[in-house]
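The lines below spell out each chain.
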Amino acid sequence: FGSSHVGYWQLRFKPRHQRHPSTAPLAAAMVFAKQLVVDCRGHLLGRLSSIIAKELLNGQQVVLVRSEDVNMSGSLYRAKLKYANFKRKKTNSNPRHGPFHQRAPSKILW
């Protein structure tokens, strides 16, 4: 196993946050910048959205700049079909209750 091998008993009697660094106490990890400013130009929509969603779930404030210049992979025809299918979705009882489908490129990523 080499010199970097750590035996079972060496791990067994250490505190959990020393055995697994991902479970370190959250107090030190929860230090954020006031706002995270993201330039969206040239990034893929889905990948950027997942990263931003993770930051928002962690409690970070995020500001998106130039979101109308974000890239969408695939053909334009397929993107139009997917958006048309998304626009069809509405509440049966009262469509004014949502979901609301934004048309502006900057609001789609919003």
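Quick caveat, the model's predicted, so the values are computed rather than measured.

## Focus on the packing of aromatic side chains
Across all of its chains, the model carries one aromatic pair by this definition. Geometrically, the ring pair formed by Tyr83 and Phe86 is tilted, given 6.0 Å between the ring centres and 45 degrees between the ring planes. Within this pair, Tyr83 and its partner Phe86 are both found in helix H5 (residues 76–88), separated by three residues, close to a single helical turn.

## Remarks on the layout of surface pockets
Its boundaries defined by the atoms lining it, the largest pocket holds a volume of some 580 Å³. Taken together, 22 residues make up the lining of the largest pocket; nearest its centre are Leu45, Met72, Ala79, Tyr83 and Ile108. Secondary-structure elements contributing two or more residues to the lining of the largest pocket are helix H4 (45–57), H5 and helix H6 (105–108). In terms of residue class, the lining of the largest pocket is made up of eleven nonpolar, six polar and five charged.

## Topic: the pairing of strand S2 (residues 62–65)
Bridge analysis of strand S1 (residues 36–39) against S2 gives four bridges, and the strand direction is parallel. By the bridge assignment, Asp39 is partnered in S2 with Val65. With respect to chirality, the unit in which S1 leads through H4 into the neighbouring parallel S2 is right-handed.

## Things to note about unusual backbone geometry
Here the amide bond leading from Gly98 into Pro99 is cis, since omega sits at 0 degrees, within 30 degrees of zero. Relative to the helices and strands, Pro99 is located in the loop between H5 and H6. A positive phi angle, close to 55 degrees, is found at Arg66, a residue other than glycine. By the element assignment, Arg66 lies in the loop between S2 and H5.

## Comments concerning a nonpolar patch on the surface
A cluster of nonpolar side chains, contributed by Val37, Val63 and Val65, occupies part of the molecular surface with about 210 Å² of accessible area. Looking at Val65, the relative accessible area reads 36%, which means it is partly exposed.

## What about the environment of Arg103?
Relative to the helices and strands, Arg103 is located in the loop between H5 and H6. It is 9.8 Å that separates the C-alpha atoms of Arg103 and Lys87, two residues lying 16 residues apart in sequence. A distance of 2.6 Å separates a polar atom in the side chain of Arg103 from the backbone oxygen of His101.

Rules used throughout
Residues numbered from 1 in each chain as written. Predicted model: local features only at pLDDT ≥ 70, side-chain atom pairs only at ≥ 80, totals over all residues. Heavy atoms only, no water. Phe/Tyr/Trp six-rings, centres within 6.5 Å; stacked < 30°, edge-to-face > 60°. Helix = DSSP H or I, 4+ residues; strand = E, 2+ residues; numbered from the N terminus. 1 Å grid on protein atoms, 1.4 Å probe; cavity = no way out; pocket = protein on both sides within 12 Å on 5 of 7 lines; lining within 4 Å. Points joined across faces, edges and corners; volume = space filled by probe spheres on them. Nonpolar A, V, L, I, M, F, W, Y, C, P; charged D, E, K, R; others polar. Pairing = 2+ DSSP bridges. Right-handed = clockwise from strand over helix to strand, strands pointing away. Patch = residues over 30% accessible without salt bridge, like charges linked within 9 Å, V, L, I, M, F, W, Y side chains within 5 Å. Areas by Shrake-Rupley, 256 points an atom, 1.4 Å probe, with all protein chains shown as cover. Salt bridge = Lys/Arg side-chain N within 4 Å of Asp/Glu carboxyl O. Buried < 20%, exposed > 50% of the residue type's maximum accessible area, 1.4 Å probe, protein only. Polar contact = N/O pair within 3.5 Å; in protein donor to acceptor, adjacent residues only side chain to side chain.

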